[in-house]
Amino acid sequence: MSRRVRRKISRKGKDKLVLPGYQEIEDEILSSEVNGVVDWTSLPDDTVIQLFSCLNYRDRASLSSTCRTWRALGASPCLWNSLDLRAHKFDVSITASLASRCSNLQKLRFRGADSADAIIHLQARNLREISGDYCRKITDATLSVIVARHEVLESLQLGPDFCERISSDAIKAIALCCPNLKKLRLSGIRDVFADAINALARHCPNLTDIGFLDCLNVDEVALGNVVSVRFLSVAGTSNMKWGVVSHLWHKLPKLTGLDVSRTDIGSTAVSRLLASSQSLKVFCALNCPALEEDNSFTTSRNKGKLLLALFTDIFKGLSSLFADTTKKGRNVFFNWRNSRNKDKNIDEIMTWLEWILSHTLLRTAESNPQGLDNFWLKQGAALLLSLMQSSQEDVQERAATGLATFVVIDDENASIDCGRAEAVMRDGGIRLLLDLAKSWREGLQSEAAKAIANLSVNANVAKAVAEEGGINILAGLARSTNRLVAEEAAGGLWNLSVGEEHKSAIAEAGGVKALVDLIFKWSSGGDGVLERAAGALANLAADDKCSMEVAVAGGVHALVMLARNCKIEGVQEQAARALANLAAHGDSNSNNAAVGQEAGALEALVQLTRSPHEGVR
């Protein structure tokens, strides 16, 4: 038997634990084995902490409540270095319960203005990184208080949705309060004036990564004063004076990567910047119409510089960043993270490029411009799959969201591009997505499940998902206590349940019970999850055997409850369709009688026949 020291946390008073010797541990474990009982309290503390680190917050809380020892271990500072609150209600009352554990918190992710208002109550003075999305309602006042309370902040990211109520005044507050700032990425600010940018240049000497994305106006001259910047992105920003840019930015002494994707930059400005800058290594200009229309523009590397654009072979270009250029570009991009002899400079460039590419590809997929079919089939799908293997969680999520988005042609009719969907399948995307869906991180679970759901509209992809074990994974996610995860998983089961060959597998995986439970769990405040769950049950109810499973699981009562109480047309339509399919098996089972005997069922259905919505009627 291998011997291992059992590390203990010192505590005050009667609960103080003494570090036992090797023989004590061995005797304890042997005693448990002899009695045929596993004593979980005999696990070494570092093993328990490692177990905690692999669980979501709810499961950590559940384990912490089992005994005093695990409660203390669950509060270990190493478990509270990072906090992702995007999937949780986060207000002042919640922060009060978390504050005692957040003294060493260094990284925080949140969602929405309400969460932003509560951040200051965490008392997390050592925060180094803050990242927020759904920030449209966050104001200058809120952001100013946040940065004033977290003076050691090194990274601040808000987006990718637009920060419509944040102005240059808040950027000045950031500059004054956070002298250690290294990374600042903000999306959708209307005006970034010169005084705000100059404040960053004066007060933040370590600022190396700046992103002003999808802004309306950014002062080009002032940006030329931020001499510390190494990576700069103005992707999607309007009203840039590219003549001014080409004359000033090439003088930035440390500028290594520049991203001007989705702008109207022309070939003259690009050529001048590439030729003049001594430090610039990577120039990213994806989806720039003026460049794509300029047939005279050369895309070859210029003095060791790399230009990435939609009309170039991006994989081949990426391979040129490495010493060994004989490898295929795609393999280099996939495998550079695993290299034991990484060049620090290349590592920083690639980390930045991953973030930039994931952001631009998602924005491009959302706008779905014409003429990109060839790009998506030959490069875009493979790029998104590569980005799903990033070590950066936000890049992984954005790549999965990109896969979910770029295949959709028509949201209303749930139409997808079969060629794009099958390109994802051919490049091993189904296995990658399912592996992400099995992550303990709920953000990755929901985005991966969304991509699987959308891709599964294609029958060939749905078959591959089933063969790879995807039905069991989605059925498990449908039981999640996180509404967003459960909603996307239910959507995946809905699309898979269209195929007759998948219905029995869904039932065998416990999917029917999980879907019925979702209706009871989110009977109020969960319109998306209710429509998806009811839609999946409607498809399953069309099968005689599965319809019996629906009835046994309490599906009749759940669906009648939706038909009677829910006012959302999409939910009403799916609930009525499910009840109709259940009642259609009159010759083979008793479900039609079960529907008729459910209190209020007939009245609800009669009422729905008067709906103004044709699908409901």
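Everything that follows concerns the structure shown earlier in this document.
Residues numbered from 1 in each chain as written. Predicted model: local features only at pLDDT ≥ 70, side-chain atom pairs only at ≥ 80, totals over all residues. Heavy atoms only, no water.

K.L.:
Is there a simple way to think about the overall build of the protein in this case?
P.N.:
A count of helices and strands for the protein gives 32 helices and 14 strands. Counting over 617 residues, the protein shows a buried share of 53%. Across the protein, the fraction of contacts at a sequence separation of at least 24, relative to all contacts at a separation of at least 6, is 66%. (Helix = DSSP H or I, 4+ residues; strand = E, 2+ residues; numbered from the N terminus. Buried < 20%, exposed > 50% of the residue type's maximum accessible area, 1.4 Å probe, protein only. Contact = heavy atoms within 4.5 Å.)

K.L.:
Help me understand the sheet that holds strand β7 (residues 209–213) in this model?
P.N.:
Sheet strands associate in pairs through backbone hydrogen bonding, adopting either a parallel or an antiparallel arrangement. Read from one edge to the other, the open sheet built from 10 strands follows the order β1-β2-β3-β4-β5-β7-β9-β10-β11-β12, with strand pairing classed as parallel. At either margin of the open sheet sits one strand with a lone partner, and together these are β1 (82–84) and β12 (306–308). Across the sheet, the mean angle separating the axes of adjacent strands is 5 degrees when strand polarity is ignored. Judged from the five bridges that link them, strand β2 (residues 107–111) and strand β3 (residues 129–133) form a sheet pairing that is parallel. Counterpart to Arg109 in the pairing with β3 is Ser131. (Pairing = 2+ DSSP bridges. Axes fitted to C-alpha atoms, helices over the stretch in contact; angles between N-to-C directions.)

K.L.:
It is not clear to me how the packing of aromatic side chains should be interpreted in this structure. Could you clarify?
P.N.:
Within a pair of aromatic rings, the relevant descriptors are the distance that separates the centres and the angle that separates the planes. This structure, assessed with the given rule, holds four aromatic pairs. Ring plane angle 80 degrees and centroid distance 6.5 Å describe the contact between Phe52 and Trp70, whose orientation is recorded as edge-to-face. Of this pair, Phe52 sits in helix α2 (residues 45–53) while Trp70 sits in helix α4 (residues 68–74), and the two are 18 residues apart along the sequence. Residue placement shows Arg185 over the ring face of Trp355; its charged tip is 3.9 Å from the ring centre. (Phe/Tyr/Trp six-rings, centres within 6.5 Å; stacked < 30°, edge-to-face > 60°. Lys NZ or Arg CZ within 6 Å of the ring centre and 35° of its normal.)

K.L.:
Can you walk me through the pattern of salt bridges in this structure?
P.N.:
Pairs can form between side chains of opposite charge once their charged atoms are near each other. Under the criterion given, the structure shown has 27 salt bridges. For Glu366, the salt bridge is made with Arg363, and the minimal N-O distance between the two is 3.0 Å. Of this pair, Glu366 and Arg363 both sit in helix α16 (residues 344–367), separated by three residues, roughly a single helical turn. Residue classification places Glu366 among the partly exposed residues on the basis of a relative accessible area of 44%. Here Asp435 and Lys438 are joined by a salt bridge, their closest N and O atoms 3.8 Å apart. The class of Asp435 is partly exposed, set by a relative accessible area of 38%. For Lys438, a relative accessible area of 53% translates into the label exposed. By sharing partners, the salt bridges in this structure join Asp84, Arg86, Arg109, Glu393, Glu397 and Arg441 into a single network. (Salt bridge = Lys/Arg side-chain N within 4 Å of Asp/Glu carboxyl O.)

Purely geometric stuff here, so don't read any function into it on its own.
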